[in-house]
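Below are the chains, spelled out letter by letter.
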Amino acid sequence: MLSTFIAVLLALSAAQGISIPQLDKIGKIGTQEKIFRFLAGNAPYFPYPGDYGIPSDAPEACEFTQVQVIARHGERYPSNSSGEKLFNTWYKLSNYTKAFNGSLAFLNDDYSFFIGDVNYLEQETTLENSANPLNPYTGEMDAKIHARRFLAQYSALLENTTNFSVFSTNSERVHDTAKYFIEALGPQYKVSLQVVDEEPSSGANTISAGYSCPAWNGDAYDNITEAFSDDYLEEIATRLNKENPGLNLTKNDSFLLFDWCAFEISSRGYSDMCGVFTPDELIKYSYYDDLSSYYTDGPGYWMIKDVGANLFNATVKLLKQSEELDQRVWLSFTHDTDILNYLTTIGLFDDGRPLNASSVPFRDNFFHKSWQIPMGARVYTQKFTCSNESFVRYVVNDAVIPIETCSSGPGFSCPEDEFYKFADVRMQNLDFVKACNVTSVSNITQLTYYWDFGTKKYNATLLDE
Ligand SMILES: Cc1ncc(C[n+]2csc(CCOP(=O)(O)OP(=O)(O)O)c2C)c(N)n1
């Protein structure tokens, strides 16, 4: 499908005399989608690979009564910190005076670095800032396509509500994703975007609980994660240095080349840097990302269930109030780690078996971080009624993921009352404010934005983070 799209664009561009850079490489767009899942959530969006085959439409004779969406922003450029390191690796490569050999030979062909401007760092990729005008993987298009798919499935829930609110953090890329999504819904909807501050001073009234969590320590489980062998990174550097004498790449450079590969695809539509890695190296890199995410923002860190409970508790409240609330559609945009924290509290991807660093587990690994929170990730909570009975279920990145202990309803959903019992058990003894020591940065201890946006204005200043 992508190749037809490209052929049409090429014909149109030729007819209009538009010159397209790197024409010879355009055929590569769409050929790298199989590796997206190995790139630590930095490659473009892909649907959840472990789909059980359950359709995400309302089951036969059932009708949606509420839908909630917690979404990550779309495809973006690297952050300031990883961008700075990437530029250094790029300088090392661009200062190499000999011709490149082996998998880096593409750098001989008039290569231009994919980050065209340092101001692109942290930002969404758009049609305007892409390194290639034919890039089909912009965050901008992803959000717009998502909006049209959302409407195709849920527009009945908006029938009598053309005025409604959508929620976003004040991170610029997150805000921009919400803005593109809203634009694509079309002019018949009068959407008001509530921009909720993600500064720690927001305390519990946030979509981004991670920023309100001073007690969180990203190094708490370093002893486990750092035990994972990084020999594969040494091997990459050794191989490239051998092919290109005097290049002196380090294992830190090797690690960054995975970022290069992932982020370049979101900007150029493809990346020749991805050709540097063997399949085994991609698998090891990907598992290291699962392992480190599991112990920093997932089930392996005791505190994370408390962090995610801030949002989970609010979403359960919205479900309980579905009959009374005017709005039946609740769309919220935030960061990857916040969604991972939320999923950890729900427990959808926690099979109780801790990940370990000794080797890559295959049969025993259910926790694939990039499958849960790729760029443009979207976690839907569906509530529907069938003959006066209500049910709840989750759809993660287009795949229905049943709750393991509660799936007796139609389409493997959970009967509403059982769902509330399930949620109570999951949140027993959890306390976001206490676990995170929220009161050391804010005196706000409740999440209220879903309920007080009508009276309180949420228009926080945008942040470059
Ligand atoms: C529970 C928790 N508290 C604090 C942090 C610190 N932290 C690191 S990244 C981040 C926000 C997410 O940013 P990024 O990794 O750039 O995600 P993206 O915007 O790409 O989704 C926060 C709050 C964390 N990861 N987890």
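Structure shown above.
All values derive from a computational prediction rather than experimental measurement.

S.K.: Would you mind going over the nonpolar core with me for this structure?
M.R.: A general tendency of soluble globular proteins is for nonpolar side chains to be buried together. Judged by nonpolar contacts, the single largest core of 97 residues is most densely connected at Leu93, Leu104, Trp260, Phe312, Phe419 and Tyr450. Among the elements that take part in this core, helix α7 (residues 251–268) stands out by supplying 8 residues, more than any other. What Phe419 contacts, discounting residues up to four positions off in sequence, is Phe312, Val316, Leu319, Val392, Tyr394, Ile403 and Cys414. Ile54, Tyr154, Ala178 and Phe391 belong to the second largest nonpolar core, which has 31 residues in total.

S.K.: Looking at this model, I keep getting lost on empty space enclosed by the protein. Mind explaining?
M.R.: Taken as a whole and judged by the stated rule, the model has 4 cavities of 30 Å³ or more. Put simply, the largest cavity is a space of about 60 Å³. What lines the largest cavity is Thr206, Ile207, Ala209, Gly210, Val307, Gly308, Asn310, Leu311, Asp338, Asn341 and Tyr342. At the level of elements, α9 (304–320) and α10 (336–346) are the ones that each hand at least two residues to the lining of the largest cavity. When residues of the lining of the largest cavity are assigned to their parent elements, the largest contribution, 4 residues, is made by α9. A per-class count over the lining of the largest cavity returns 5 nonpolar, 5 polar and 1 charged.

S.K.: Where do I start with α7 in this structure?
M.R.: In an α-helix, one turn spans 3.6 residues, which is why side chains three or four residues apart end up on the same side. An ideal rise of 1.5 Å per residue puts 26 Å on 18 residues; α7 measures up with 25 Å between its terminal C-alpha atoms. Here α7 lies mainly inside the structure; 15 of its 18 residues are buried. Positive phi appears at Gly269, one or two residues downstream of α7, with a value of about 95°.

S.K.: Mind showing me how you'd approach the state of the cysteines here?
M.R.: Scanning all chains against the criterion turns up 4 disulfides. One disulfide bridge connects Cys62 with Cys386, the sulfur atoms lying 2.1 Å from each other. Judged by the sign of its S-S torsion, about 105°, the bond between Cys62 and Cys386 is right-handed. Taken together, the residues Cys62 in strand β1 (residues 62–72) and Cys386 in strand β5 (residues 378–386) connect sequence positions 324 residues apart. Between the sulfur atoms of Cys261 and its disulfide mate Cys274 the distance is 2.1 Å.

S.K.: In this structure, what is going on with the side chain of Asp297? I would like to understand it.
M.R.: Along the polypeptide, Asp297 turns up in the loop between α8 (279–296) and α9. As a buried residue without a salt bridge, Asp297 has its nearest oppositely charged side chain in Lys369, at a separation of 8.2 Å. With residues up to four places along the chain from it excluded, the contact list for Asp297 reads Trp216, Ile304, Thr337, Leu340, Asn341 and Thr344.

S.K.: Explain the layout of surface pockets to me, please; I cannot follow it from the model alone.
M.R.: A water-sized probe, rolled over the atoms, reveals where empty space remains. Each pocket or cavity is described by its volume, and for the largest pocket that value is around 1,400 Å³. Forming the boundary of the largest pocket are 50 residues, of which Asn42, Phe255, Asp289, Ser292 and Lys369 lie nearest the centre. Looking at the lining of the largest pocket, its residues break down into 16 nonpolar, 17 polar and 17 charged.

Conventions we followed
- Residues numbered from 1 in each chain as written.
- Predicted model: local features only at pLDDT ≥ 70, side-chain atom pairs only at ≥ 80, totals over all residues.
- Heavy atoms only, no water.
- Core = buried A, V, L, I, M, F, W, Y, C linked by side-chain atoms within 4.5 Å.
- Buried < 20%, exposed > 50% of the residue type's maximum accessible area, 1.4 Å probe, protein only.
- Helix = DSSP H or I, 4+ residues; strand = E, 2+ residues; numbered from the N terminus.
- Contact = heavy atoms within 4.5 Å.
- 1 Å grid on protein atoms, 1.4 Å probe; cavity = no way out; pocket = protein on both sides within 12 Å on 5 of 7 lines; lining within 4 Å.
- Points joined across faces, edges and corners; volume = space filled by probe spheres on them.
- Nonpolar A, V, L, I, M, F, W, Y, C, P; charged D, E, K, R; others polar.
- Expected span 1.5 Å × (residues − 1).
- Disulfide = S-S within 2.5 Å.
- Lys, Arg positive; Asp, Glu negative; His and termini not counted.
- Salt bridge = Lys/Arg side-chain N within 4 Å of Asp/Glu carboxyl O.

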